[in-house]
Amino acid sequence: MSEQTSTKRAGKVYLVGAGPGDPGLITVRGKYLLGKAEVVVYDYLASPKLLKHVPKEAELIYAGKKGGVKHTHTQEEINQMLVDWALSGKTVVRLKGGDPFIFGRGGEEVEELANAGVDFEVVPGVTSATAAATYAGIPITHREYTASVAFITGHEDPTKPGSKIDWAKLATGAGTLVVYMGIKNLPIIVKNLIDNGRDPKTPVAVVRWASTPQQRSVVGTLETIAEIVQGAGIKPPALIIVGEVVTLRDTIDWFEKRPLFGKRIVVTRTREQASELMAGLEESGANCVEFSTIQIEPVESYEVLDEELDRLQEYHWILFTSLNAVNFFFQRLYSMGKDARDMKGPGIAAVGKATADLLMGYGVRADLLPSVFTGEGLAESLLDQGVEGRNILIPRAVKAREILPETLRGAGAQVTVAPVYQNVIPDGKREKLREQLESGDVDMVTFTSSSTVRNFLTMVGAADRAELDVLMRDVTIAAIGPITAKTVTDNGLQVHIQPESYTIPDLTHAIVEFYKAQKAGA
Ligand code: SAH
């Protein structure tokens, strides 16, 4: 054995700051490293949305750690885990909320790695203190108000002897004070600051879940804030910002002022992508919930297709009417030990350009593309070619419009329909949706096609009209166009928003205008 193969590749641990909550606030390097990770150990405060950057094969480990709740792993276990994975040769990303070296015990984790001789790197992150201030409209420093900031942990009981925090010096020592982990001890913290000489009228802001759609903030003074926070029911994770700069929020609050801030919008989707609509709405501050109303699945039996695959040469045409049909057809073809060469013989027709492009990706060029990209259009183009006595295969969904096979049969063709996939209504999310509707958590539902309306209503599963009315009573409904809107009203519900043109940007714009008008009227 050569020396090279006998030495194991050394692993490495990257301690990466995830940023404060908004997944867009991770660093470019942090995101790059997530994309290379083999193991990711992540915290409660690191946005789970960041995990989409991680390769599918990677091992994901939730390390937990939520103040007051039983820890999923002790700090010792986490340290040991990092060492063990690295020594086994893995590229490990340790993803921590905010900045790893600010009140995150990142220092301890890295000390442990250093002692164990493990290679490591630390990538800073946007810490929640600056993010919370910024997203609450508070510049943490300002020439006219303060030239200094102190970051403090409020986790320590300030009354306990031997506290590491010198409140007497801090109270008046820094212009702006930002306290992490201080909600539980807030009454003692403010008392300490006042007792040590800070003006009781000093403005204070408390910001929870900063930079996320759930952000919530309240403002008061050292004298009043503890009561305000208790009254508002604000729980961790939250930051306490103390200092004159807090008054600037009156002028420059921007995040919470966005037109859709705090609105929970359910974006229903079928096959078409909901991402463009979601991105547009989120840009204006909405809290979007993507709600898939259709799931594409293989069929239970491929008996029909399998038989036809053995005699493809007998066909004159194979018609592909959707992207799913192409994907499922080729999956089955490959699993039978065949490939594109076995499709030599029949002409290949695609319903549209995207379907033709996908076919090309499987090594098959479409011979026929209709001028109008619909089933009717495809039928017409084939009729122009003459189909009498021709054998035609259509791999497609179990349930689909019959217009294409019927038209072709009517013109004397032998048509075989082979079901290769099916659309099913996803079961899993029903309960969650019901719960949210019942608790009045949904402000709006958007519909972009009639099938999203029908499937949504099936999933809501109201026993009758009266129950549906109760569930949907506070929900605003937005429909992309007249056909979708008609399906809504046919089902006994009212459409509140419908753009003039039936496009996603127009729908987004109409929703924003709706809430702007509502705010102006309020
Ligand atoms: N390393 C982290 C801090 C970890 S300590 C950082 O740099 O931000 C945990 C505390 O951070 C919480 O108790 C809370 O005070 C604060 N925190 C973290 N994320 C927060 C957020 N999105 N909004 C408000 N406070 C947050």
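Residues numbered from 1 in each chain as written. Predicted model: local features only at pLDDT ≥ 70, side-chain atom pairs only at ≥ 80, totals over all residues. Heavy atoms only, no water.

(A) The sheet that holds strand β11 (residues 264–269), seen in detail. In spatial order, the strands read β12-β11-β18-β19; together these four strands make up an open sheet with parallel pairing. Each edge of the open sheet is held by one strand with a lone partner, namely β12 (287–292) and β19 (476–479). Going from strand to strand, the sheet's axes swing by 20 degrees on average, the running direction of each strand aside. With three bridges joining them, β11 and strand β18 (residues 444–447) adopt parallel strand pairing. Counted as the bridge partner of V266 is V445 from β18. (Pairing = 2+ DSSP bridges. Helix = DSSP H or I, 4+ residues; strand = E, 2+ residues; numbered from the N terminus. Axes fitted to C-alpha atoms, helices over the stretch in contact; angles between N-to-C directions.)

(B) The side chain of T91, seen in detail. With respect to the helices and strands, T91 occurs in strand β4 (residues 91–96). Overall, T91 belongs to the buried group, its relative accessible area being 14%. The contact partners of T91, leaving out residues within four places of it in the chain, are R9, K12, Y14, K36, A37, E38 and V39. (Buried < 20%, exposed > 50% of the residue type's maximum accessible area, 1.4 Å probe, protein only. Contact = heavy atoms within 4.5 Å.)

(C) The environment of Y180, seen in detail. As for its position among the elements, Y180 is in strand β7 (residues 176–180). Residue classification places Y180 among the buried positions, given a relative accessible area of 7%. Look past the residues within four positions of Y180 in its chain and what remains in contact with it is I102, F103, T127, S128, A129, F151, I152, T153, G154, H155 and L239.

(D) Structural detail: the domain arrangement of the protein chain. Partitioning the protein chain into structural domains gives domain 1 (12–125), domain 2 (130–252), domain 3 (264–294 + 426–521) and domain 4 (297–424). Put simply, the middle of domain 3 and the middle of domain 4, counted by C-alpha atoms, are 34 Å apart. (Domains from an automatic or database assignment.)

(E) Highlighting unusual backbone geometry. Residue P237 is bonded to the preceding P236 through a cis peptide linkage, with omega at 0 degrees. Here P237 shows up in the loop between α8 (225–232) and β10 (238–242). The phi torsion at R105 lies on the positive side, around 60 degrees, for a residue other than glycine. Along the chain, the position of R105 falls in the loop between β4 and α4 (106–115). Given the relative accessible area of 38%, R105 is considered partly exposed. Located in the positive-phi region is S211, a residue other than glycine, with phi close to 70 degrees.

(F) Highlighting the site of the ligand. Close to the ligand lie 17 residues; D99, I102, T127, S128 and A238 are nearest. Within the contact set of the ligand, a nitrogen atom lies 3.0 Å away from a backbone nitrogen or oxygen of G97. About the coverage of the ligand: the protein hides 93% of its 540 Å² of free accessible area. Split into classes, the residues belonging to the shell around the ligand amount to twelve nonpolar, four polar and one charged. Residues lining the shell around the ligand come from more than one domain, with at least three contributed by each of domain 1 (12–125) and domain 2 (130–252). (Near = heavy atom within 4 Å. Polar contact = N/O pair within 3.5 Å; in protein donor to acceptor, adjacent residues only side chain to side chain. Areas by Shrake-Rupley, 256 points an atom, 1.4 Å probe, with all protein chains shown as cover. Nonpolar A, V, L, I, M, F, W, Y, C, P; charged D, E, K, R; others polar.)

(G) Expanded view of the pairing of β10. Taking burial as the measure, the five residues of β10 include five buried ones, the bulk of the element. Side chains A238, I240 and V242 of β10 all project onto a buried face; the interleaved residues L239 and I241 project onto the opposite face, where all are buried too. Relative to β10, β7 runs antiparallel, the two sharing three bridges. If you follow V178 over to β10, its bridge partner there is I241. In this sheet, β10 lies alongside strand β8 (residues 203–208) in antiparallel orientation, the contact comprising five bridges. Within β10, the residue paired with A205 across the bridge is I241.

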